[in-house]
Amino acid sequence: MLSFTVHDTGETIEVGDFDLVVAGYTGRDEKSVRAHIEELAAIGVAPPDSVPAFYELAPSLATQAPAISVSGPNTSGEVEPVLVRAGGRLFLTVGSDHTDRDIERDSVLESKAACPKPLGTTVIPIADLDFDALTAESTVDDKQYQHGPLTALRVTTDVLALYPGKADRDLILFGGTLPLLGGEFIVGTAWTISLTVPGGATLAHAYSLV
């Protein structure tokens, strides 16, 4: 069971029986997405079957804990907008698609299934948000890792509209991420992730590896 608090109202939203999906290749610029697919192919990552790609995972991987356990030595995460569909209502929170980068060369799906998916505990109704005005940021071991607006990503509701899953199911949908400031994955020990609404709330979460 995941429990979220709605910003401003304090309402509690609980999600128990849900689907967990990570969307990949969610950039708005199709040429840039194709270029990124080619970059990944050059290091041995197979191209996706569709764009965006949807990776369906075990719901048990979703966690709001402050610490996660991973088995591989080469894992990393990034900040993502995460759509939460609960009882037909749509909300946004923040999450990290923590991934095993070694397994990724052989199977993107298995690399994502190898790691928990950290999530924040606060949500904002999507209807209240200007997606393009949101700023995302992440740090790894207190060093800035990502920072910028979400304007290069598809709006999460647009990603949802392309997802072929069941519309009557509660859903946790990771919506993609920003480029890395240094251009390379960092294998660290502690992450902070956040989405900031101008003049308003910050959806944040921090987690570490154990």
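Residues numbered from 1 in each chain as written. Predicted model: local features only at pLDDT ≥ 70, side-chain atom pairs only at ≥ 80, totals over all residues. Heavy atoms only, no water.

Novice: What is the right way to look at the overall build of the protein in this model?
Specialist: If you tally the helices and strands in the protein, you get four helices and 17 strands. Of all intrachain contacts in the protein linking residues separated by at least 6 positions in sequence, the fraction that spans at least 24 positions is 72%. (Helix = DSSP H or I, 4+ residues; strand = E, 2+ residues; numbered from the N terminus. Contact = heavy atoms within 4.5 Å.)

Novice: Would you mind showing me how to read the side chain of Arg85 here?
Specialist: Counting through the fold element by element, Arg85 comes out in strand S8 (residues 79-86). Comment: no salt bridge for buried Arg85; closest opposite-charge side chain is Asp170, at 5.7 Å. A polar atom in the side chain of Arg85 sits 2.8 Å from the backbone oxygen of Lys166. Excluding residues within four positions of it along the chain, Arg85 makes contact with Leu90, Leu160, Lys166, Ala167, Arg169, Asp170 and Leu171. (Buried < 20%, exposed > 50% of the residue type's maximum accessible area, 1.4 Å probe, protein only. Lys, Arg positive; Asp, Glu negative; His and termini not counted. Salt bridge = Lys/Arg side-chain N within 4 Å of Asp/Glu carboxyl O. Polar contact = N/O pair within 3.5 Å; in protein donor to acceptor, adjacent residues only side chain to side chain.)

Novice: Sorry, what's going on with the nonpolar core here?
Specialist: Soluble, globular proteins show a tendency: their nonpolar side chains are buried together. Counting 27 residues, the largest nonpolar core has Phe4, Leu20, Leu119 and Ile172 as its most contacted members. Mapped by element, the contributors of at least two residues to this core are strand S1 (2-6), strand S2 (12-15), strand S3 (18-24), helix H1 (30-42), strand S4 (53-57), S8 and strand S15 (170-174). Ignoring anything within four residues of it in the chain, the contact list for Phe4 reads Glu11, Thr12, Ile13, Val15, Gln64, Val84, Thr93, Leu119, Gly120, Thr121, Val123 and Ile172. Core analysis: the second largest hydrophobic core is formed by 26 residues, Ile126, Tyr163, Leu171 and Leu203 among them. (Core = buried A, V, L, I, M, F, W, Y, C linked by side-chain atoms within 4.5 Å.)

Novice: How should the sheet that holds S2 be read in this particular structure?
Specialist: Pairing between the strands of a sheet is mediated by backbone hydrogen bonds and can be parallel or antiparallel. Here eight strands make up an open sheet; going across it, the order is S2-S1-S12-S9-S8-S15-S3-S4 and the pairing mixed. Both outer strands of the open sheet, S2 and S4, are each paired with one neighbouring strand and no more. Across the sheet, the axes of successive neighbouring strands diverge by a mean angle of 30°, strand direction being ignored. The pairing of S3 with S4 spans five bridges and is classified as antiparallel. The partner of Leu20 across the bridge, within S4, is Leu57. (Pairing = 2+ DSSP bridges. Axes fitted to C-alpha atoms, helices over the stretch in contact; angles between N-to-C directions.)

Novice: What is the right way to look at the packing of aromatic side chains in this model?
Specialist: Aromatic ring pairs are defined here through the distance separating the ring centres and the angle between the ring planes. Counting across every chain of the model gives two aromatic pairs. When the centroid spacing of 5.2 Å and the interplanar angle of 55° are considered together, the rings of Phe54 and Tyr163 count as tilted. Of the two residues, Phe54 is situated in strand S4 and Tyr163 in the loop between helix H4 (156-162) and S15; the sequence distance between them amounts to 109 residues. When sorted by exposure, Phe54 lands in the same class as Tyr163, which is buried. Relative to Tyr207, the ring of Trp191 has its centre 5.3 Å away and its plane inclined at 5°; by these criteria the two rings are stacked. Remark: Tyr207 occurs in strand S17 (residues 202-209) and Trp191 occurs in strand S16 (residues 190-196); sequence separation between them is 16 residues. By the burial criterion, Trp191 is buried, and Tyr207 matches it. Sitting over the face of the ring of Phe185, Arg101 holds its NZ or CZ atom 3.7 Å from the ring centroid. (Phe/Tyr/Trp six-rings, centres within 6.5 Å; stacked < 30°, edge-to-face > 60°. Lys NZ or Arg CZ within 6 Å of the ring centre and 35° of its normal.)

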